[in-house]
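# Observations on the model geometry
Here are the chains, one letter per residue:
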Amino acid sequence: DISEAILDAARAIAQATAVLVNSATACQKELVASGKGAKAASSYRRDPTWARGLISAAQAVAGTVQQLVLSANDSTQGTTDEESLVASSKAVAAATARLVAASRAKSDPLSMTQQRLTNAAKAVANATQQLVSAAKVASED
């Protein structure tokens, strides 16, 4: 069933995003513990978007994922075009890339927390692609 495929993809995105946020939280804690996060926090203190560093970036990913799920739902119901879905999926990819780049800028690329964050970002990207594919199939029917 096509609706089931979309629902499964949305669940996969939700799970992958939860892992991403948890991984970003662990990376942020690691940065603060090593003393590298303290300078970044004071530099960005006036901008609430980056006040909590990687956690804020992960929450931005979650926000774009929410928009993607809404776009996929609208696309399958025929209330929006496919371009909205593609734009939402690109927003997820961009937010995820910003998160990973921000993490790599300060953290040890060989640390376990960094590897978990990278793997979580890949899982979000894969789940996003599954949702877009499922929505495209549903809109064709």
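A brief structural summary. (Residues numbered from 1 in each chain as written. Predicted model: local features only at pLDDT ≥ 70, side-chain atom pairs only at ≥ 80, totals over all residues. Heavy atoms only, no water.)

## Topic: the overall build of the chain
Looking only at helices and strands, one finds five helices and zero strands in the chain. Scanning the chain from its N terminus toward the C terminus, one meets helices and strands in the order α-α-α-α-α. Expressed as a percentage of contacts within the chain between residues at least 6 apart in sequence, the contacts between residues at least 24 apart total 75%. About 7,900 Å² of surface is accessible on the chain, with carbon and sulfur atoms providing 55% of the total. (Helix = DSSP H or I, 4+ residues; strand = E, 2+ residues; numbered from the N terminus. Contact = heavy atoms within 4.5 Å. Areas by Shrake-Rupley, 256 points an atom, 1.4 Å probe, with all protein chains shown as cover.)

## What about the environment of alanine 24?
Mapped onto the elements, alanine 24 comes out in helix H1 (residues 2–34). The class of alanine 24 is buried, set by a relative accessible area of 0%. Sequence-wise, alanine 24 and alanine 121 are 97 residues apart; in three dimensions their C-alpha atoms are separated by 10.0 Å. With residues up to four places along the chain from it excluded, the contact list for alanine 24 reads Leu54, Ile55, Ala58, Leu99 and Leu117. (Buried < 20%, exposed > 50% of the residue type's maximum accessible area, 1.4 Å probe, protein only.)

## Looking at the environment of aspartate 81
Along the chain, aspartate 81 turns up in the loop between helix H3 (54–77) and helix H4 (82–106). The exposure class of aspartate 81 is partly exposed, given its relative accessible area of 40%. The spatial distance from the C-alpha of aspartate 81 to the C-alpha of serine 139 is 9.2 Å, given a sequence separation of 58 residues.

## Some remarks on the pattern of salt bridges
A full pass over the atoms with the stated rule returns one salt bridge. The salt bridge involving aspartate 8 is made with arginine 11; its shortest N-O contact spans 3.1 Å. Linking aspartate 8 with arginine 11, this pair stays in helix H1, spanning three residues, or about one helical turn. Judged by relative accessible area, aspartate 8 falls into the partly exposed class, the value being 38%. (Salt bridge = Lys/Arg side-chain N within 4 Å of Asp/Glu carboxyl O.)

## So, the nonpolar core
Counting 30 residues, the largest nonpolar core has Leu20, Val61, Leu68, Leu99, Val124 and Leu131 as the members making the most contacts within it. Those elements that provide at least two residues to this core are H1, H3, H4 and helix H5 (112–140). Among the elements that line this core, the one with the most residues is H5, at ten residues. Apart from residues lying up to four places away in sequence, leucine 99 is in contact with Leu20, Ala24, Leu54, Ala57, Ala58, Val61 and Leu117. (Core = buried A, V, L, I, M, F, W, Y, C linked by side-chain atoms within 4.5 Å.)

## Looking at the side chain of serine 103
With respect to the helices and strands, the residue serine 103 is situated in helix H4. When near neighbours in sequence (up to four residues on either side) are disregarded, serine 103 contacts Cys27, Leu54, Gln114 and Leu117.

## Side note on the packing of H3 against H5
Geometry of a packed helix pair, given as the angle between the helix axes and the separation of the axes. It is at 8 Å that the axes of H3 and H5 come closest, and there the two elements cross at 15°. Here H3 lies roughly parallel to H5, going by the angle between them. Both H3 and H5 take part in a crossing whose hand is left-handed. Residues Val61, Val65, Leu68, Val69, Ala72, Ser75 and Thr76 of H3 touch H5, and the partners they reach there are Val124, Thr128, Leu131, Val132, Ala135, Ala138 and Ser139. Counted by class, the contact of H3 with H5 contains ten nonpolar, four polar and no charged residues. (Axes fitted to C-alpha atoms, helices over the stretch in contact; angles between N-to-C directions. Parallel < 35°, antiparallel > 145°, perpendicular 65-115°, else oblique. Left-handed = near helix turned anticlockwise from the far one by under 90°. Nonpolar A, V, L, I, M, F, W, Y, C, P; charged D, E, K, R; others polar.)

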